Amino acid sequence: MVLSRHAHRKDEHLSLAEKFYTPQATSQFDQLRFVHQSLPEMAVADTDLTTRLGPLTLPVPLLIEAMTGGSPRTGAVNAQLGRIAARTGLAVASGSQSIALQDDSAIATFTPLRENNPDGLVFANLGAGHTVAQAKRVVDLLAADALELHVNTAQELVMPEGDRSFHWLDSIGETVAALDVPVIVKEVGFGMAHETLAQLVSVGVRYVDLGGRGGTNFATIENFRRPAKEFDYLTGWGQTTVESLLEAQRVPDLTTIATGGIRQPLDIAKAFALGATVVGSAGQILHSLLKTDEATTVQLLLDWQTGLRTIMTLLGVKTIRELQRQPLLFSPELESYRQQRHLI
């Protein structure tokens, strides 16, 4: 089978995401500490992981983040992700569905997310700047419960065939106003500053996926695809996941999803303590799936839930809302960032 240029790029992204995977993320969760409570006065069984994302109730506050779709290989991965979501109770987000708007044959590489997870939460995904009609179309294709609109200027600028013009804000506002499901504006690994978040709020956005630096790095991936690989200097571009969560605390009326370099339950718990409502992971889940199998990846995500309950018990908190109010100790580097950005 001869793949289209777009489908081939989807396969490249999948392979390169794994190629550049690192066990130790640089999202800065290691620069935060909880204060241990020796007398929690509760049992692990008392913990409740339920959270709400606007009108949606998530039985588990975790999201299998947007990864892929658009080629036969990535369609098979989406089928696996759908089954994993169904077995673990997690919400799952599609990779960008823009290719499905151009090529009807690509639709079948995305629909396995819903076909294998008929009763779970599935999020559609499209790049910012598409029309309202296109946004409604990708939601309908998956009978999706929400839509992620991704913003990815850094990726596009490094991508050899990427866009070079970015006028998205008005389009985002139109889509938010027109859709009947929550619209989540998502960064793809470069984080968000409070100035950006305020712009989004000004056009009606209420849900953001901060997509911080520290996990899968699309500047690195797209630079690797360039013959001269001349954009090495952008490898560290953007705000980390922790810095983005600190930025979001400055902006009221926003519900945040924290993604970018989530590697273990302690990262998840710290993200909640910084104000996240949902925590997502892509790279760690993809790595597990590619290097092991579905069953092992299911167990990984079940272990994460057990780990999160364990940490909540160590802190003496029973709900995600209580976890969001837990104090954290900051490293000197993070404390300096807070001061320089006037986030204290």
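Look above for the structure.
Account for the overall build of the protein, with residues named and values stated.
Tallying secondary structure elements over the protein gives 15 helices and 12 strands in all. Its C-alpha atoms give the protein principal-axis dimensions of roughly 60 × 45 × 40 Å. Residues counted as buried form 58% of the 344 residues belonging to the protein. Restricting to contacts in the protein with at least 6 residues of sequence separation, those with at least 24 account for 75%. Here the protein displays about 14,600 Å² of accessible surface, and carbon together with sulfur accounts for 51% of that area.

Break down the packing of helix H2 (residues 72-88) against helix H13 (residues 294-315) for me, with residues and values.
How two helices sit against one another is set out by the angle between their axes and by the gap between those axes. Across the interface, H2 lies against H13 with an axial gap of 10 Å and an inter-helix angle of 40°. By the angle class used here, H2 and H13 are oblique. Crossing handedness for the pair H2 and H13: right-handed. Contacts from Gln 80, Arg 83, Ile 84, Arg 87 and Thr 88 of H2 reach H13 at Glu 294, Ala 295, Thr 297, Val 298, Leu 301, Leu 302 and Gln 305. When the residues that make up the contact of H2 with H13 are grouped by side-chain class, the tally is 5 nonpolar, 4 polar and 3 charged.

Give a detailed account of the nonpolar core, specifying residues and quantitative values.
Ile 64, Leu 147, Ile 172, Val 279, Leu 308 and Leu 323 are the most contacted members of the largest nonpolar core, which has 88 residues in total. Tallying contributions element by element places H13 first for this core, with 8 residues. In this structure, Ile 172 is in contact with Ala 128, Leu 149, Val 151, Val 185, Leu 200, Val 203 and Val 205, ignoring residues within four places of it in sequence. Formed by 14 residues, the second largest nonpolar core is a distinct cluster that contains Leu 53, Leu 56, Ala 66 and Ala 146.

Account for the packing of aromatic side chains, with residues named and values stated.
Under the defined criterion, the tally for this structure stands at 3 aromatic pairs. Taken together, a centroid distance of 5.5 Å and an interplanar angle of 75° make the contact between Phe 20 and Phe 224 edge-to-face. Placement of Phe 20 in the loop between helix H1 (5-19) and strand E1 (32-34) and of Phe 224 in helix H9 (residues 218-224) is noted, with a sequence separation of 204 residues between them. Both rings, one in Phe 166 and one in Trp 168, keep their centres 5.3 Å apart while their planes meet at 85°; by these two values the pair is edge-to-face. Since its relative accessible area comes to 15%, Trp 168 is described here as buried. Here Lys 19 stacks its cationic end above the ring of Phe 20, 5.7 Å away from the centre of that ring. The ring of Phe 224 is capped by Lys 229, whose NZ or CZ atom sits 4.9 Å from the centre of that ring.

For helix H11 (residues 265-273), give the residues involved together with the corresponding values.
Side chains three or four residues apart in an α-helix point the same way, a direct result of the helix having 3.6 residues per turn. Taking burial as the measure, the 9 residues of H11 include 8 buried ones, the bulk of the element. Residues of H11 that are buried: Pro 265, Asp 267, Ile 268, Ala 269, Lys 270, Ala 271, Phe 272 and Ala 273. Following H11 by one or two positions, Gly 275 has its phi on the positive side, about 115°.

So, the side chain of Glu 247: which residues are in play, and what are the values?
Looking at where Glu 247 falls in the secondary structure, it is placed in helix H10 (residues 241-248). Apart from residues no more than four positions distant in its own chain, Glu 247 is found in contact with Met 192, Ala 193, His 194, Leu 197, Tyr 337, Arg 341 and Leu 343.

An account of the pattern of salt bridges is needed here, citing residue identities and associated values.
Enumeration according to the criterion identifies 11 salt bridges in this entry. Arg 225 is the partner of Glu 12 in a salt bridge, and the nearest nitrogen-oxygen pair spans 3.0 Å. Placement of the pair is Glu 12 in helix H1 and Arg 225 in the loop between H9 and H10, with a sequence separation of 213 residues. Given the relative accessible area of 24%, Glu 12 is considered partly exposed.

Would you mind going over the pairing of strand E10 (residues 255-258) in detail, with residue names and values included?
By the alternation rule, side chains of E10 split into Thr 255 and Ile 257 and Thr 256 and Ala 258, which are all buried. Across 3 bridges, strand E9 (residues 207-209) lies against E10 in parallel orientation. Looking at E10, one finds that Asp 209 is bridged to Ile 257. Pairing geometry for E10 and strand E11 (residues 278-281), over 2 bridges, is parallel. Looking at the pairing, Ile 257 lines up with Val 278 of E11. On the question of chirality, the crossover connecting E10 to the parallel E11 by way of H11 is right-handed.

Quick one: what's the story with H10, residue by residue and with numbers?
Extensive coverage of H10 is indicated by the burial of 8 of its 8 residues. Looking at H10, one finds that the buried residues are Thr 241, Val 242, Glu 243, Ser 244, Leu 245, Leu 246, Glu 247 and Ala 248. Buried residues in H10 make contact with E1, helix H8 (194-202), E10, H11, strand E12 (328-330) and helix H15 (332-340).

Criteria and thresholds
Residues numbered from 1 in each chain as written. Predicted model: local features only at pLDDT ≥ 70, side-chain atom pairs only at ≥ 80, totals over all residues. Heavy atoms only, no water. Helix = DSSP H or I, 4+ residues; strand = E, 2+ residues; numbered from the N terminus. Buried < 20%, exposed > 50% of the residue type's maximum accessible area, 1.4 Å probe, protein only. Contact = heavy atoms within 4.5 Å. Areas by Shrake-Rupley, 256 points an atom, 1.4 Å probe, with all protein chains shown as cover. Axes fitted to C-alpha atoms, helices over the stretch in contact; angles between N-to-C directions. Parallel < 35°, antiparallel > 145°, perpendicular 65-115°, else oblique. Left-handed = near helix turned anticlockwise from the far one by under 90°. Nonpolar A, V, L, I, M, F, W, Y, C, P; charged D, E, K, R; others polar. Core = buried A, V, L, I, M, F, W, Y, C linked by side-chain atoms within 4.5 Å. Phe/Tyr/Trp six-rings, centres within 6.5 Å; stacked < 30°, edge-to-face > 60°. Lys NZ or Arg CZ within 6 Å of the ring centre and 35° of its normal. Salt bridge = Lys/Arg side-chain N within 4 Å of Asp/Glu carboxyl O. Pairing = 2+ DSSP bridges. Right-handed = clockwise from strand over helix to strand, strands pointing away.

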